[in-house]
Amino acid sequence: MALRVQKYGGTSVADIQRISRVADRVIKAHEAGDQMVVVLSAMAGVTDKLISLARQAAITPDKRELDVLLATGEQTTAALMAILLKSRGYKARSFLGFQAGIHTDQTPGKARILDIDAQKVKKALDQGHICVVAGFQGADNNGDITTLGRGGSDTSAVAIAASLKADVCEIFTDVDGVYTTDPRICAKARKIDRISYEEMLEMAVLGAKVLQIRSVDFAKKYNIPLHVRSSFNEEDGTMVVNESADMESAVVSGITCDMNETRITLKRVPDQPGISAKIFGPLADAEIMVDMIIQNTRTGGETDLTFTVTKDDFDRALQISEAVAKEVGAEEVLSAKDIAKVSVIGLGMKSHSGVAATMFKALAEENINIRLISTSEIRISCVILAKYAELAVRALHAAFGLDGDN
Ligand code: ADP
Ligand code: ASP
Ligand code: MG
């Protein structure tokens with residue numbers, strides 16, 4: 001008997017027919033003798049709809065109340081699934097995040113799971129129940145409902161799997177697994193059979209939304225193998241596991257594209273010690289995460305300072321930058337929202353040179369201008385104009401020999 005945690009994303013529970021198909025799958029495993037915990041997302045599009053409703057009610061909706069609202073998406077699917085299972089004669093119980101013991105910090109909208117007390121779920125499992133847990137939500141010290149950030153049901157599932165010491169955590173989604181790049185952008189993308197936590201983490205950080213970043217972090221930390229697979233067929237998907245010698249040894253294993261970045265430039269800033277601290281200090285105080293930073297020194301003791309932040313943080317970051325620009329005597333603040341960050345990722349880069357050159361050449365051949373570059377041990381990222389993002393992904397996929405013959 002195995003203890004399995006299965007998470008189903010929004011497309012997999014988009015209507016009653018699909019929830020019913022998920023129930024079939026869960027029942028099959030339950031009948032085979034496995035203990036089943038099912039973590040559900042809201043129906044596809046529901047979270048977006050709830051956010052839009054809140055924005056109609058107020059330009060900047062109160063964050064506490066927004067979380068109360070957003071959590072209802074997952075409450076709905078969890079309840080519907082439990083209703084369905086019970087109506088078919090199975091013992092089932094739904095759990096909201098707090099009922100499943102998911103305890104988070106107090107950051108509405110992007111709360112972090114601090115710990116999980118899964119006693120109640122464990123007890124229900126031992127009594128033969130199928131446990132259905134609402135993903136994406138928890139509760140903080142005050143008992144207030146919190147949500148875990150977009151895509152957060154992945155993290156709910158992995159965290160519950162870790163706390164229950166599950167044998168496997170399966171992430172059911174609308175593609176067959178993790179691909180060498182987003183299969184919706186590149187028809188020649190290939191499914192990867194096994195990928196290391198490290199590479200998967202980079203891919204998630206750099207825009208492959210197939211898994212939420214924190215879910216991969218958790219899986220790596222607690223050594224939970226993840227099986228990312230389709231809820232629409234029975235095929236094996238992708239195993240996300242520790243790096244091992246028999247993994248594909250491609251220098252570049254994946255390409256990602258992140259459309260969520262924006263760029264801010266402070267022009268003609270005095271080139272003096274302490275200036276960067278003056279700019280990035282207030283941004284950090286406002287809890288704005290700065291991604292890439294680049295400084296172009298001009299002659300005459302001045303420099304241009306460019307950095308990127310996410311679209312969500314853009315307005316606040318711009319406001320802060322304008323105030324700081326005045327204070328330090330910068331000439332002006334420029335900004336752009338129409339940018340994309342394309343990245344190539346691979347463990348093999350640690351021991352190979354020439355990856356950057358291949359990347360720049362592939363982009364140049366498509367006449368795509370590179371605005372910013374950043375690198376780490378296992379990836380290289382370039383910021384380009386958003387309108388070239390898909391073209392760039394396809395060109396890089398081909399240039400690094402990743403194209404399949406589909
Ligand atoms: P779910 O609702 O099941 O959580 P998501 O929409 O969050 O699903 O994630 C699945 C989507 O991630 C796919 O439909 C695909 O377009 C996108 N995606 C981006 N990069 C990749 C990749 N490298 N491999 C697979 N899917 C990817
Ligand atoms: N429903 C939430 C979202 O759309 C969480 C999730 O689907 O994982 O982001
Ligand atoms: Mg998702």
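Residues numbered from 1 in each chain as written. Chains lettered and ligands numbered in written order. Predicted model: local features only at pLDDT ≥ 70, side-chain atom pairs only at ≥ 80, totals over all residues. Heavy atoms only, no water.

A short note on the UniProt feature "binding site: ATP" (unreviewed entry) in the protein
Then step 1. Under the feature "binding site: ATP" (unreviewed entry), the UniProt entry names Lys 7, Tyr 8, Gly 9, Gly 10, Thr 173, Asp 174, Tyr 179, Arg 184, Lys 209 and Val 210.
Then step 2. Position of Gly 9 among the secondary structure elements: in the loop between β1 (3-8) and α1 (16-31).
Then step 3. Apart from residues lying up to four places away in sequence, Gly 9 is in contact with Ser 41 and Phe 172.
Then step 4. Within the fold, Arg 184 resides in the loop between β9 (168-173) and β10 (194-196).
Then step 5. Owing to a relative accessible area of 60%, Arg 184 belongs among the exposed residues under this scheme.
Then step 6. Beyond its immediate chain neighbours, meaning those up to four positions away, Arg 184 contacts Asp 174 and Val 175.
Then step 7. Side-chain polar atoms of Arg 184 contact the side chain of Asp 174, separated by 3.3 Å. (UniProt positions renumbered as here; feature names shortened; annotations may be inferred. Helix = DSSP H or I, 4+ residues; strand = E, 2+ residues; numbered from the N terminus. Contact = heavy atoms within 4.5 Å. Buried < 20%, exposed > 50% of the residue type's maximum accessible area, 1.4 Å probe, protein only. Polar contact = N/O pair within 3.5 Å; in protein donor to acceptor, adjacent residues only side chain to side chain.)

A word on the packing of helix α6 (residues 197-205) against helix α7 (residues 213-222)
Then step 1. Two numbers describe how α6 lies on α7: the axes approach to 9 Å, and their chain directions differ by 165°. The angle between the axes of α6 and α7 places the two elements in the roughly antiparallel class. The handedness of the crossing between α6 and α7 is left-handed. Residues Tyr 197, Met 200, Leu 201, Ala 204 and Val 205 of α6 touch α7, and the partners they reach there are Ile 213, Val 216, Asp 217, Ala 219 and Lys 220.
Then step 2. For the contact of α6 with α7, a count of residues per class yields 8 nonpolar, no polar and 2 charged. (Axes fitted to C-alpha atoms, helices over the stretch in contact; angles between N-to-C directions. Parallel < 35°, antiparallel > 145°, perpendicular 65-115°, else oblique. Left-handed = near helix turned anticlockwise from the far one by under 90°. Nonpolar A, V, L, I, M, F, W, Y, C, P; charged D, E, K, R; others polar.)

Remarks on helix α11 (residues 389-399)
Then step 1. Listed as buried for α11 are Ala 389, Ala 392, Val 393, Ala 395, Leu 396 and His 397.
Then step 2. Buried residues in α11 make contact with β13 (254-258), β18 (339-345), α10 (355-365) and β20 (379-385).
Then step 3. At the C-terminal side of α11, Gly 401 shows a positive phi close to 70°.

Quick look at the sheet that holds strand β15 (residues 293-297)
Then step 1. Taken in spatial order, the 4 strands line up as β15-β16-β14-β17 in an open sheet, and their pairing is antiparallel. Each edge of the open sheet is held by one strand with a lone partner, namely β15 and β17 (332-336). Put simply, the sheet's adjacent strands are angled 15° from each other on average, direction ignored.
Then step 2. Note: strand β14 (residues 261-270) against β17, 5 bridges, orientation antiparallel. Looking at the pairing, Ile 264 lines up with Ser 335 of β17.
Then step 3. Of the strands in this sheet, β14, β15 and β16 (302-310) are in contact with helix α8 (residues 275-285), which crosses β16 at around 20°. (Pairing = 2+ DSSP bridges.)

As for the nonpolar core
The nonpolar side chains of a soluble globular protein tend to be buried, and buried together.
Then step 1. In terms of nonpolar packing, the biggest core is built from 46 residues, with Val 5, Val 37, Ile 160 and Cys 169 touching the most fellow members.
Then step 2. Here the element with the most residues in this core is helix α5 (residues 153-164); it accounts for 7 residues.
Then step 3. Those residues in contact with Ile 160 that lie beyond four places of it in its chain are Val 5, Val 37, Val 39, Ile 102, Ile 116 and Val 133. (Core = buried A, V, L, I, M, F, W, Y, C linked by side-chain atoms within 4.5 Å.)

Some details on the pattern of salt bridges
Then step 1. Across all of its chains, the model carries 22 salt bridges by this definition.
Then step 2. Residues Arg 4 and Asp 34 are paired through a salt bridge, measuring 3.0 Å at the closest nitrogen-oxygen approach. Residue Arg 4 is located in strand β1, and its partner Asp 34 is located in the loop between α1 and β2 (35-40); the two are separated by 30 residues in the primary sequence. The pair formed by Arg 4 and Asp 34 is uniform in burial state, with each residue classed as buried.
Then step 3. Bridged by salt links that share partners, the residues Lys 267, Arg 268, Glu 302, Glu 331 and Glu 332 form one connected network. (Salt bridge = Lys/Arg side-chain N within 4 Å of Asp/Glu carboxyl O.)

What about the site of ligand 2?
Then step 1. Residues in close proximity to ligand 2 include Ser 41, Ala 42, Thr 47, Glu 74, Phe 136, Arg 150, Gly 151, Gly 152 and Ser 153, which together make up its full environment.
Then step 2. Between ligand 2 and the protein, one listed contact pairs an oxygen atom with a side-chain N or O atom of Ser 41 at 3.1 Å.
Then step 3. In the complex, the protein chains occlude 86% of the 260 Å² of accessible area that ligand 2 would expose alone.
Then step 4. Across the shell around ligand 2, the residue classes break down as 2 nonpolar, 5 polar and 2 charged. (Near = heavy atom within 4 Å. Areas by Shrake-Rupley, 256 points an atom, 1.4 Å probe, with all protein chains shown as cover.)

Description of the site of ligand 1
Then step 1. As a matter of local geometry, ligand 1 sits amid 18 residues, with Thr 173, Asp 174, Tyr 179, Asp 182 and Arg 184 nearest to it.
Then step 2. Within the backbone of Gly 10, a nitrogen or oxygen atom sits 3.2 Å from an oxygen atom of ligand 1.
Then step 3. Asp 174 has a polar side-chain atom sitting 2.9 Å from an oxygen atom of ligand 1.
Then step 4. Surface burial for ligand 1 is 89%, taken as the share of its 570 Å² of free accessible area covered by protein chains.
Then step 5. Among the residues forming the shell around ligand 1, the class breakdown is 8 nonpolar, 5 polar and 5 charged.

Some words on the side chain of Asp 144
Then step 1. With respect to the element layout, Asp 144 can be found in the loop between β7 (137-139) and β8 (145-147).
Then step 2. Taking the relative accessible area as the measure of exposure, Asp 144 reaches 19% and is therefore buried.
Then step 3. Asp 144 has contacts with Arg 64, Gly 138 and Ala 139, leaving out every residue within four places of it along the chain.

What to know about unusual backbone geometry
Then step 1. In this structure, Phe 136 takes a positive phi of about 75° despite not being glycine.
Then step 2. Note that Phe 136 resides in the loop between β6 (130-134) and β7.
Then step 3. Positive phi outside glycine occurs at Lys 165, with the angle close to 50°.

What about the UniProt feature "binding site: substrate" (unreviewed entry) in the protein?
Then step 1. Per the UniProt record, "binding site: substrate" (unreviewed entry) is annotated on Thr 47 and Glu 74. Despite a sequence span of 28 residues, these residues sit close together in the fold, their greatest C-alpha distance being 8.8 Å.
Then step 2. Along the chain, Thr 47 turns up in helix α2 (residues 46-57).
Then step 3. Assessed through its relative accessible area of 10%, Thr 47 is described here as buried.
Then step 4. With residues up to four places along the chain from it excluded, the contact list for Thr 47 reads Ala 42, Leu 70, Phe 136 and Arg 150.
Then step 5. By secondary structure assignment, the location of Glu 74 is in helix α3 (residues 63-87).

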